[in-house]
Amino acid sequence: MLYPKFVYPILSLFDPEKMHILALKRLARAQEHPGFFRLQEKVFGFESPRLEVKLLGQVFKSPLGLAAGFSKGLAFESLMGFGFAFGEQGTIVPSPQEGNPLPRLHRLYRDRSLINWMGFPDEGVGPAKEASERLGKNRGYVLALNLGANKASVELGRASEDYVRLIVEFCEYADFIVINVSSPNTARLRELQGREALAELLFQVLATLDRLGTTKKVLIKIAPYPDLSWDQIDKVMDVSLAYGVDGFVATNTTLQRPLWLKSRNRNQRGGLSGRGLKLYSLKTVRYLSERLQGKVPIIAVGGIFTWGDLLEYALLGASLGESYTGFVYQGPFMVKDLKRGLDKMLEMEGIASFQEIVGSKDRYLYEKYVLGDK
Ligand SMILES: Cc1cc2nc3c(=O)[nH]c(=O)nc-3n(C[C@H](O)[C@H](O)[C@H](O)COP(=O)(O)O)c2cc1C
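Quick caveat: nothing in here was measured; it's all calculated off a predicted structure.

Explain the site of the ligand to me, and be specific about the residues and the numbers.
In the vicinity of the ligand, 23 residues are found, and the nearest of them are Ala68, Thr91, Gly274, Gly303 and Thr325. In the environment of the ligand, an oxygen atom lies 3.1 Å from a nitrogen or oxygen atom belonging to the side chain of Asn146. One of the backbone N or O atoms of Gly303 is found 2.7 Å from an oxygen atom in the ligand. Alone, the ligand offers 600 Å² of accessible surface; in the complex the protein occludes 96% of this. Every element with two or more residues in the shell around the ligand is listed here: strand E6 (113-116) and strand E11 (271-274).

Could you give an account of the nonpolar core, naming the residues involved and the relevant values?
In globular proteins that are soluble, nonpolar side chains generally tend to be buried together. Within the largest apolar cluster, 112 residues are counted, with the highest numbers of intra-cluster contacts made by Phe60, Tyr163, Phe176 and Ile179. Excluding residues that lie within four positions of it along the chain, Phe176 makes contacts with Leu56, Phe60, Phe86, Val142, Leu143, Ala144, Leu145, Lys217, Leu219 and Ile299.

Which residues make up the packing of helix H11 (residues 307-316) against helix H13 (residues 334-348), and what values do they have?
The N-to-C vectors of H11 and H13 enclose an angle of 60 degrees; their axes lie 8 Å apart at closest approach. Between H11 and H13, the interaxial angle falls into the category oblique. Residues Trp307, Leu310 and Leu311 of H11 pack against Asp337, Leu338, Gly341, Leu342 and Met345 of H13. Split by residue class, the contact of H11 with H13 holds six nonpolar, one polar and one charged.

Could you give me a rundown of helix H9 (residues 230-242), with the residues and numbers involved?
For H9, with 13 residues, the first-to-last C-alpha span of 18 Å sits near the 18 Å given by 1.5 Å per residue. Every buried residue of H9 is listed here: Ile233, Asp234, Val236, Met237, Val239 and Ser240. Close packing links the buried residues of H9 with helix H8 (195-212), strand E9 (217-222), strand E10 (247-250) and helix H10 (275-292). Positioned one or two residues after H9, Gly244 has a phi angle of 80 degrees, which is positive.

Describe the packing of aromatic side chains, naming the residues involved and giving the relevant values.
Evaluation of the coordinates by the stated rule reveals 17 aromatic pairs. Ring geometry for Tyr225 against Trp230: centres 3.8 Å apart, planes inclined by 5 degrees, an arrangement best described as stacked. Residue class for Tyr225 comes out partly exposed when judged on its relative accessible area of 24%. Assessed through its relative accessible area of 26%, Trp230 is described here as partly exposed. Every member of this aromatic cluster is reached through a ring pair, and the members are Phe44, Phe70, Phe82, Phe84, Tyr324, Phe327 and Phe333. Just above the ring of Tyr109 sits the side chain of Arg112; from NZ or CZ to the centre is 4.5 Å.

Describe in detail the sheet that holds strand E5 (residues 105-108), supporting the description with residues and values.
Strands sit in the order E5-E6-E11 across an open sheet of three strands; the sheet is antiparallel. Two strands close off the open sheet at either side, each with one partner strand: E5 and E11. Recorded for the sheet is a direction-independent mean angle of 25 degrees between the axes of neighbouring strands. In this fold H10 packs onto E6 and E11, with an angle of close to 90 degrees to the strand it touches most, E11.

If you had to explain the pairing of strand E4 (residues 86-92) to someone new, which residues and values would you point to?
Burial analysis of E4 places seven of its seven residues in the buried class, the great majority of the element. Here strand E3 (residues 64-66) pairs with E4 via two bridges, running parallel. By the bridge assignment for E4, Gly65 is matched with Phe86. As paired strands, E4 and strand E7 (residues 142-147) are joined by six bridges and run parallel to one another. Counterpart to Gly90 in the pairing with E7 is Asn146.

Could you give an account of the environment of Gly326, with specific residues and numbers?
Examined against the element boundaries, Gly326 turns out to sit in helix H12 (residues 325-330). Measuring from C-alpha to C-alpha, the distance between Gly326 and Phe305 comes to 4.4 Å, with 21 residues separating the pair along the chain. Excluding residues within four positions of it along the chain, Gly326 makes contact with Ile304, Phe305, Gly331 and Met334.

Describe the pattern of salt bridges, listing the residues and the values that go with them.
Within the structure shown, the criterion is met by 23 salt bridges. Across the pair Arg158 and Glu161 runs a salt bridge whose closest N-O atoms are separated by 3.2 Å. Residue classification places Arg158 among the partly exposed positions, given a relative accessible area of 43%. With relative accessibility at 45%, the residue Glu161 sits in the partly exposed group. Ionic contacts of the salt-bridge type, sharing partners, join the residues Arg275, Lys278, Asp309 and Glu312 into one network.

An account of the sheet that holds E9 is needed here, citing residue identities and associated values.
Across a sheet, paired strands are connected by hydrogen bonds in the backbone, their directions being either parallel or antiparallel. Taking strand neighbours around the barrel as the criterion, the eight strands line up as E3-E4-E7-E8-E9-E10-E12-E13 in a closed arrangement whose pairing is parallel. Across this sheet, the average inter-strand angle for adjacent strands is 25 degrees, counted without regard to direction. Here four bridges tie E9 to E10, and the two strands are oriented parallel to one another. Each bridged residue has a counterpart across the sheet, and for Lys221 the counterpart in E10 is Val249. Sheet strands touched by H8: strand E8 (176-180) and E9. Its angle to E9, the strand with the most contacts, is close to 155 degrees. Against the sheet, H10 touches E9, E10 and strand E12 (298-301), its axis set at about 170 degrees to E12.

Definitions and cut-offs
Here the residue index of a chain counts from 1 through its sequence in written order. This being a predicted model, a pLDDT of at least 70 is required before a residue's local features are given, and a value of 80 or more before pairs of side-chain atoms are given or counted; all residues contribute to the totals for chains, interfaces and linings. To get the side-chain values, all heavy atoms of the structure are used, and hydrogens and water are removed first. Any residue with at least one heavy atom within 4 Å of a molecule or strand is counted as near it. By the criterion applied in these results, polar contacts are pairs of N or O atoms within 3.5 Å in which, for protein atoms, one can donate a hydrogen and the other can accept it, and in which residues neighboring in sequence qualify only through two side-chain atoms. Surface accessibility follows the Shrake-Rupley procedure with a 1.4 Å probe radius. Residue values consider only the protein chains on display as shielding. Helix numbering and strand numbering both begin at the N terminus, where a helix is a DSSP run of H or I of at least 4 residues and a strand a DSSP run of E of at least 2. To qualify as a nonpolar core, a set must consist of buried Ala, Val, Leu, Ile, Met, Phe, Trp, Tyr and Cys residues joined through side-chain atoms within 4.5 Å. Partly exposed describes any residue whose relative accessible area lies between the buried limit of under 20% and the exposed limit of over 50%, with all areas from a 1.4 Å probe on protein chains only and scaled to the type maximum. Contacts were defined at the residue level, with two residues in contact if any of their heavy atoms lie within 4.5 Å. What counts as an axis is a line fitted to C-alpha atoms, over the stretch in contact for a helix, and the angles between N-to-C directions run from 0 to 180 degrees. Between 65 and 115 degrees an angle is taken as roughly perpendicular, under 35 as roughly parallel, over 145 as roughly antiparallel, and anywhere else as oblique. Note on residue categories: nonpolar means Ala, Val, Leu, Ile, Met, Phe, Trp, Tyr, Cys or Pro, charged means Asp, Glu, Lys or Arg, and polar means any other residue, Gly included. Expected span of a helix, by definition, is 1.5 Å for each gap between consecutive residues, and there is one gap fewer than residues. Only rings of Phe, Tyr and Trp enter the pairing, Trp through its six-membered ring, and a pair is recorded when the two centres are within 6.5 Å. The plane angle decides the type: under 30 degrees is stacked, over 60 is edge-to-face, the rest tilted. Note on geometry: a ring has a charge over it if NZ (lysine) or CZ (arginine) is within 6 Å of the ring centre and within 35 degrees of the ring normal. Strand pairing is assigned whenever DSSP identifies at least 2 bridges connecting the two strands. Note on definitions: salt bridges are taken to be side-chain nitrogens of Lys or Arg within 4 Å of carboxyl oxygens of Asp or Glu.

Structure (structure tokens):
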């Protein structure tokens with residue numbers, strides 16, 4: 001309560017992107033101190049076998065992860081130390097690029113949302129690889145690498161080559177791979193979600209994995225409805241399943257602006273995340289889950305702030321959830337609070353494992369805890 005009510009309003013007086021970088025740099029420095037991770041574990045640690053999720057050939061200590069874009073590698077370990085069971089490092093692109101002009105990140109504080117038009121500012125393969133190497137193989141969390149394409153490659157119609165290169169460079173470091181074809185901030189990137197473009201991309205990606213002789217799982221991160229129509233989402237699903245994709249991350253940010261947004265920044269350019277996105281992501285997850293019928297898992301992302309939010313997604317069929325904007329506004333205790341709340345509910349209801357409720361659409365739980373949470 002202290003952070004969202006008193007600390008965040010002060011931090012929000014400063015430029016959001018500068019504050020983000022500063023916070024990561026401070027964390028990166030702090031994590032060099034011996035004992036830092038032990039202290040983090042003491043303050044933010046919470047584990048329960050009820051929360052464990054077995055999926056994608058991995059064991060996730062809980063169902064909550066850190067969404068892509070938060071860190072390309074900087075301070076990644078200490079971000080995980082706030083209690084996330086997994087995280088997506090990236091989006092990584094092959095060559096260094098600056099991203100879109102500043103300012104490109106805006107707070108919508110009253111709406112608990114953000115609008116970003118980052119456009120993958122990144123230092124490219126070299127630094128990302130150093131970061132992945134530093135993270136090592138013996139981790140207490142599951143590491144996903146989120147891969148993208150350089151602006152110039154997308155413009156030239158050569159995006160597939162970027163994804164293939166990144167798979168070759170990074171495959172060994174990742175526990176699973178997320179192919180990001182849904183950022184709204186690189187012109188024409190989202191066109192890779194079209195039937196032919198996606199088929200061509202997946203053919204290349206999966207052929208590369210075959211060639212490397214790896215069984216690493218590959219997920220596709222998609223845009224929400226109505227940025228994509230239901231028909232377009234059907235096509236993404238059909239092509240992905242035909243090519244043996246292992247799951248979906250739903251969703252990226254939206255270009256929609258719900259009418260209820262109050263903040264001054266609501267008409268800034270870019271993708272909306274947080275509370276303003278949640279309904280679009282929820283609808284997308286529900287649709288995917290109904291169509292997929294459990295064939296492959298869904299990782300939900302979009303406006304997860306509390307355990308009630310995660311429960312809502314799980315009831316609709318998401319096996320795991322991720323957060324970005326919720327973590328920004330709720331602060332460092334968000335993950336622990338969420339896990340503790342979820343675990344307590346499962347215990348009270350006599351449910352042995354979070355995995356039991358995934359896709360159950362349990363009305364009782366929904367009315368008592370999701371509606372009750374609001
Ligand atoms: C500032 C910012 C940068 C982001 N960068 C990326 C990115 O590089 N790659 C990506 O796949 N998603 C990126 N995202 C999208 C998030 O991963 C997530 O899908 C989205 O914000 C919805 O989740 P949230 O409501 O919990 O924030 C970014 C989001 C924000 C706010």
